[in-house]
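Structural characterization, general
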Amino acid sequence: MKAMFVSFATLLVLVACGGGSMSGTAMQPAMQVVAIAGTITAFGSVYVNGVRYDVSGATIRRNGRSVTQSALAVGEVALVSGHQHAQTGQGTAESVEVEDNVIGPIATIDIAGGQFTVLGQTVLVTANTSFDMNITPADLTGLQPGEAVEVSGFADANGVITATRIGRAEAGEPLQVLGTITGFDAMNHVFMINGLKVDFTTASVSGFTSGAPA
């Protein structure tokens, strides 16, 4: 699932088998199976990329923990799996997953460059970045080095995260980084995620296709 958040930033639509309505000679399915990654744009159920998904029966998880809809925020990147009506565009979610790109203390802030670093990750702030209501002013000047933040967004090919949402991390919240492994050293059990060196000697390892990081 975390790998999907790193790489899956476009819409994937799989047309479900079953009944539908006729349009000329072509069969138009009433419902489509969808898996979509995008930013949460509103609530009243959950809107992702402007599309409303009913989450009343959905499993909702944030950073690996089961939560309610109230724990989500506008600007966070969510992966929604469920069904969407082909004609109305309205959807019903079976699951909603939110994984922050990075959670940790701010190391440096570059006001002029519109960016800051957290755990070796460069975070770019734009006019479209949403800020937690507790961050004032609601821009880069409302942040201070040493403050722990949660960053949700999209990473480019160089690992730079364009933030769609920045919030303050809760006290004691575990550190977290999503990214692509480089500099892998199997003998010494270390690798890099952009500017962060990770030692996984004593780590619990799971979810890798080969059984270990690569």
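Placed above this text is the structure.
Residues numbered from 1 in each chain as written. Predicted model: local features only at pLDDT ≥ 70, side-chain atom pairs only at ≥ 80, totals over all residues. Heavy atoms only, no water.

1. Some words on the overall build of the protein chain
Quick note on the threshold: Starting at the N terminus, helices and strands are each numbered in turn, a helix being any DSSP run of H or I of at least four residues and a strand any DSSP run of E of at least two. The buried label applies to any residue whose accessible area, calculated with a 1.4 Å probe on protein chains only, is under 20% of its type's maximum; exposed applies above 50%, and partly exposed to all values in between. It only takes one pair of heavy atoms within 4.5 Å for two residues to be counted as in contact. Each accessible area is a Shrake-Rupley result for a 1.4 Å probe, and residues are judged covered by the shown protein chains and nothing else.
When helices and strands are tallied, the protein chain shows 1 helix and 20 strands. A total of 214 residues make up the protein chain; the buried ones form 38% of that total. Of all intrachain contacts in the protein chain linking residues separated by at least 6 positions in sequence, the fraction that spans at least 24 positions is 57%. Taken as a whole, the protein chain presents about 11200 Å² of accessible surface, with 55% of it coming from carbon and sulfur.

2. Re the layout of surface pockets
Where we set the bar: Every definition here rests on a 1 Å grid over the protein atoms only: cavities are sets of points where a 1.4 Å probe fits but cannot get out, pockets are open sets enclosed by protein on both sides within 12 Å along at least five of seven lines, and lining residues have some atom within 4 Å of a point. Grid points are joined across faces, edges and corners, and a volume is the space filled by probe spheres set on the points. When residues are grouped by polarity, Ala, Val, Leu, Ile, Met, Phe, Trp, Tyr, Cys and Pro land in nonpolar, Asp, Glu, Lys and Arg in charged, and all others, Gly among them, in polar.
The space that makes up the second largest pocket amounts to roughly 210 Å³. Around the second largest pocket, the lining comprises 16 residues; the ones closest to its centre are Arg62, Ala71, Glu76, Glu150 and Glu170. No other element matches strand 16 (residues 161-168), which puts 4 residues into the lining of the second largest pocket. Residues that form the lining of the second largest pocket fall into these classes: 5 nonpolar, 2 polar and 9 charged.

3. Concerning the environment of Thr59
Residue placement: Thr59 occurs in strand 7 (residues 59-62). In the structure, Thr59 is positioned 38 residues away from Glu97 in sequence and 8.3 Å away in space, judged by C-alpha atoms. Setting aside residues no more than four positions away along its own chain, Thr59 makes contact with Glu94, Ser95 and Val96.

4. A short note on the sheet that holds strand 18 (residues 182-185)
Stated formally: Strand pairing is defined by DSSP finding a minimum of two bridges between the two strands. Interaxial angles span 0 to 180 degrees and are taken between N-to-C directions of axes, which are lines fitted to C-alpha atoms, for helices over the stretch in contact.
Spatial strand order, 18-19-20: 3 strands in an open sheet with antiparallel pairing. Of all the strands in the sheet, just strand 18 and strand 20 (196-199) have a single pairing partner and so form its edges. Put simply, the sheet's adjacent strands are angled 20 degrees from each other on average, direction ignored. Across 2 bridges, the pairing between strand 18 and strand 19 (residues 190-193) is antiparallel.

5. As for the nonpolar core
Stated precisely, the cut-off is as follows: Buried Ala, Val, Leu, Ile, Met, Phe, Trp, Tyr and Cys residues form a nonpolar core when they are joined through side-chain atoms within 4.5 Å.
The biggest cluster of nonpolar side chains holds 20 residues, and the ones touching the most others in it are Val102, Phe116, Leu143, Val149, Val151 and Ile166. Top element by residues in this core is strand 16. It accounts for 3 residues. Leaving out residues up to four positions away in the same chain, Val151 has contacts with Asp100, Asn101, Val102, Phe116, Val123, Ile161, Ala163 and Arg165. The next biggest cluster of nonpolar side chains, apart from the first, holds 17 residues, and it includes Val51, Val67, Val96 and Val98.

6. Overview of the packing of aromatic side chains
Short version of the rule: Here a pair means two rings of Phe, Tyr or Trp (six-membered ring of Trp) with centres within 6.5 Å. Their orientation is stacked below 30 degrees between planes, edge-to-face above 60, and tilted elsewhere.
Considering all chains together, one arrives at 2 aromatic pairs under this definition. Both rings, one in Phe184 and one in Phe200, keep their centres 6.1 Å apart while their planes meet at 15 degrees; by these two values the pair is stacked. In this pair, Phe184 sits in strand 18 while Phe200 sits in the segment after strand 20, placing the two residues 16 residues apart along the sequence. Centroid distance Phe191 to Phe200: 5.5 Å. Interplanar angle 40 degrees. Geometry classified as tilted. As far as burial versus exposure is concerned, Phe191 and Phe200 are alike and both buried.

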